[in-house]
Amino acid sequence: QVQLVESGGGSVQAGGSLRLSCAASGRTFSNYIMGWFRQASGKEREFVAEISRSGANRFYADSVKGRFTISRDNAKNMVYLQMNGLKPEDTAVYYCVAELYVYGDYTSVSDYDYWGQGTQVSVSS
């Protein structure tokens, strides 16, 4: 198993930036595909970004492409989400996720077994 703890959320004005961090503990971090999801109040949880085990491949939701960057440091057991150009519609609880093997397209909640507790991001206009 792997345990995930997010940090770095907060409140910013539109156009601002935040960097979310996710600390992983447990079994070998580099074996896990990592990602981020988010859930806005009253809405379903949605995919944000995914990064492969080595970090060589990354995939983003269209809504964040060009503004958000996912990265990982396997030596530190960390994954990050750099968020630039934040918009009010980015307001949500952001969750770090992990999975050993993903058989879907990486964008479904059901693709991931391991979830952090979430961190709130609020963007004001």
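Here, the structure is the one placed above.
Analysis parameters
All residue numbers refer to positions counted from 1 along the written sequence of the respective chain. Only residues with pLDDT of at least 70 get local features here, since the model is predicted, and only at 80 or more are side-chain atom pairs given and counted; chain-wide, interface and lining totals rely on the full set of residues. Remark: hydrogens and water are excluded; side-chain values derive from all non-hydrogen atoms of the structure. Note on conventions: DSSP H or I runs of at least 4 residues are helices, E runs of at least 2 residues are strands, and numbering of each starts at the N terminus. Values of the radius of gyration come from C-alpha atoms, whereas the globule rule sets the reference at 2.2 Å times the count of residues to the power 0.38. Only protein chains enter the calculation, and the probe is 1.4 Å; a residue is then buried if its accessible area is under 20% of its type maximum, exposed if over 50%, and partly exposed in between. Residue contacts are counted whenever heavy atoms from the two residues lie within 4.5 Å of one another. Exposure was quantified through the Shrake-Rupley algorithm and a 1.4 Å probe, taking into account, for residues, occlusion by the shown protein chains and nothing else. Charge counting follows a simple rule: Lys and Arg are positive, Asp and Glu are negative, and His as well as the terminal groups are ignored. Between Lys or Arg on one side and Asp or Glu on the other, a salt bridge is scored when a side-chain nitrogen of the former is within 4 Å of a carboxyl oxygen of the latter. The term polar contact refers here to a pair of N or O atoms within 3.5 Å; inside protein, the definition further demands a hydrogen-donor-capable atom paired with an acceptor-capable atom, and it admits residues adjacent in sequence only when both atoms are side-chain atoms. Nonpolar cores are built from buried Ala, Val, Leu, Ile, Met, Phe, Trp, Tyr and Cys residues. Side-chain atoms within 4.5 Å join them into one set. Note on disulfides: each one is a pair of cysteine sulfur atoms within 2.5 Å.

Topic: the overall build of the chain
Link 1 in the chain: Regarding its fold elements, the chain presents 0 helices and 11 strands.
Link 2 in the chain: A globule of 125 residues ought to have a C-alpha radius of gyration of about 14 Å, and the chain, at 13 Å, matches this closely.
Link 3 in the chain: Counting only C-alpha atoms, the chain reaches 40 × 25 × 25 Å along its principal axes.
Link 4 in the chain: By residue count, 44% of the 125 residues in the chain fall in the buried class.
Link 5 in the chain: Once local pairs closer than 6 in sequence are excluded, the contacts in the chain between residues at least 24 apart make up 58%.
Link 6 in the chain: As presented, the chain carries roughly 6,300 Å² of accessible surface, and 45% of it is formed by carbon and sulfur atoms.

Points about the side chain of Asp111
Link 1 in the chain: By the element assignment, Asp111 lies in the loop between β9 (92–99) and β10 (114–115).
Link 2 in the chain: For Asp111, which is buried and forms no salt bridge, the nearest opposite charge comes from Arg53, at a distance of 12 Å.
Link 3 in the chain: Separated by 3.1 Å, the side chain of Asp111 and the backbone nitrogen of Tyr106 make a polar contact.
Link 4 in the chain: What Asp111 contacts, discounting residues up to four positions off in sequence, is Glu99, Val102, Gly104, Asp105 and Tyr106.

Things to note about the nonpolar core
Here is a general trend for soluble globular proteins: nonpolar side chains tend to be buried in one another's company.
Link 1 in the chain: In this structure, Leu4, Met34, Trp36, Val79, Leu81, Met83 and Tyr94 are the most contacted members of the largest nonpolar core, which totals 37 residues.
Link 2 in the chain: Elements that contribute at least two residues to this core include exactly β1 (2–7), β3 (18–26), β4 (33–39), β5 (46–51), β7 (68–73), β8 (78–83), β9 and β11 (119–124).
Link 3 in the chain: Looking at this core, the element that brings in the most residues is β9, giving 5 residues.

Points about the state of the cysteines
Link 1 in the chain: Taken as a whole and judged by the stated rule, the model has 1 disulfide.
Link 2 in the chain: Here Cys22 pairs with Cys96 through a disulfide, and the sulfurs are 2.1 Å apart. Between Cys22 and Cys96, the S-S dihedral sits near -80°, and the bridge is therefore left-handed. With a gap of 74 residues between them, Cys22 in strand β3 and Cys96 in strand β9 connect regions that are remote in the sequence.
Link 3 in the chain: We classify Cys22 as buried; its relative accessible area is 0%.

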